[in-house]
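Architecture and fold: a report
Here are the chains, one letter per residue:
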Amino acid sequence: MGNAERAVRVDLAACYRLAARFGWADVIYTHISARVPGEDAFLMNPYGLGFHEITASNLLKVGFDGTVHTPSEHGLNRAGFVIHGGLLGARPDLACVLHTHTRDGVAVSALKGGLLPLSQFAMFYWGRVAYHDYEGAATDEAERVRLVADLGPHRIMILRNHGLITCGRTIAEALVTMDQINKACAVQIAAMRTGAELTMPGEDACRRTEVYASNDGPPAGAMEWAMFLRTLDREEPDYRT
Ligand SMILES: [Zn+2]
């Protein structure tokens, strides 16, 4: 295994551990993937392990053609292959795809109006959230074309009646974006639950907030990532093994 793959394995394992800490795991059912640099392959969790059990060495290496290159007692999650292989295969600018079924994310995905700019968390991504209609469990490769088309140029997609996807030019970017979007969903659901009238900021305020967090700059999350790794290295360093 090359140094580049080894480095991605360590970072992706860290991402799984952090996702577990954030409470984003849904038993064994969702997935996070990262591209193997210079190869037609990506890394993903073996089907059957919890996010908290992922290590650098137990991640599956999967070719974009569906070949599993890593011997494992666990299989490949078919829906995970369809979603992650489809998006990473079609978008060479993306290094990482993160998919969750958090309660707040699924709740917002079920709302006709989708994610509303009710908080800064949401306004950071104003106009940059894509939507994909639910078609059943994503086990049919034909759905890939529509997943890719619906994502368009964006890096965030709400899977209606299903959950959230964030993509990153780095693993850190996918992680910090999911954190913000999930918080945006949580705030929206909490505010709506009160039943009180909601204040919607004007378009100018939304645009200024989006520009502040513009996606044209360097990938987000480098400083946050360093902080997260310090914590993991202190408290659960086995993710590197
Ligand atoms: Zn899912």
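Look up a bit, the structure's there.
Residues numbered from 1 in each chain as written. Predicted model: local features only at pLDDT ≥ 70, side-chain atom pairs only at ≥ 80, totals over all residues. Heavy atoms only, no water.

A few points about the environment of Ser33
Within the secondary structure layout, Ser33 lies in strand β1 (residues 32-35). Through-space distance from the C-alpha of Ser33 to that of His154 is 17 Å; in sequence the pair is 121 residues apart. The contacts of Ser33, once residues within four sequence positions are left out, are Leu12, Phe42, Leu43, Met44, His84, Leu88, Ala95, Cys96 and Val97. One polar contact links Ser33 to His84, side chain to side chain, over a distance of 2.6 Å. (Helix = DSSP H or I, 4+ residues; strand = E, 2+ residues; numbered from the N terminus. Contact = heavy atoms within 4.5 Å. Polar contact = N/O pair within 3.5 Å; in protein donor to acceptor, adjacent residues only side chain to side chain.)

Focus: the nonpolar core
Most often, soluble globular proteins have nonpolar side chains that are buried together. Counting 66 residues, the largest nonpolar core has Leu12, Ile32, Leu115 and Trp225 as its most contacted members. With near-sequence residues (within four places) excluded, Ile32 lies in contact with Leu12, Cys15, Tyr16, Ala19, Leu43, Met44, Asn45, Phe51, His84, Cys96, Val97 and Leu98. (Core = buried A, V, L, I, M, F, W, Y, C linked by side-chain atoms within 4.5 Å. Buried < 20%, exposed > 50% of the residue type's maximum accessible area, 1.4 Å probe, protein only.)

Focus on the packing of aromatic side chains
Working definition: an aromatic ring pair is given by the centre-to-centre distance plus the angle between the planes. For the structure on display, the rule yields six aromatic pairs. Seen in terms of ring centroids, Phe22 and Phe228 are 5.6 Å apart; in terms of plane orientation they differ by 85 degrees. Their pairing is edge-to-face. One end of the pair, Phe22, is in the loop between α1 (3-21) and β1; the other, Phe228, is in helix α8 (residues 222-235), with 206 residues separating them in the sequence. Note on Phe22: relative accessible area 32%, which makes it partly exposed. Judged by centre distance (5.4 Å) and plane angle (35 degrees), the rings of Phe42 and Phe64 are tilted. Placement of the pair is Phe42 in strand β2 (residues 41-44) and Phe64 in the loop between β3 (60-63) and α2 (78-90), with a sequence separation of 22 residues. One aromatic cluster in this structure is built from Phe22, Trp24 and Phe228. (Phe/Tyr/Trp six-rings, centres within 6.5 Å; stacked < 30°, edge-to-face > 60°.)

Re a nonpolar patch on the surface
Together, Val27, Tyr29 and Tyr47 line one region of the surface with nonpolar side chains, adding up to about 300 Å² of accessible area. With respect to the element layout, Tyr47 can be found in the loop between β2 and β3. (Patch = residues over 30% accessible without salt bridge, like charges linked within 9 Å, V, L, I, M, F, W, Y side chains within 5 Å. Areas by Shrake-Rupley, 256 points an atom, 1.4 Å probe, with all protein chains shown as cover. Salt bridge = Lys/Arg side-chain N within 4 Å of Asp/Glu carboxyl O.)

Any functional reading would require information beyond the geometric quantities listed.
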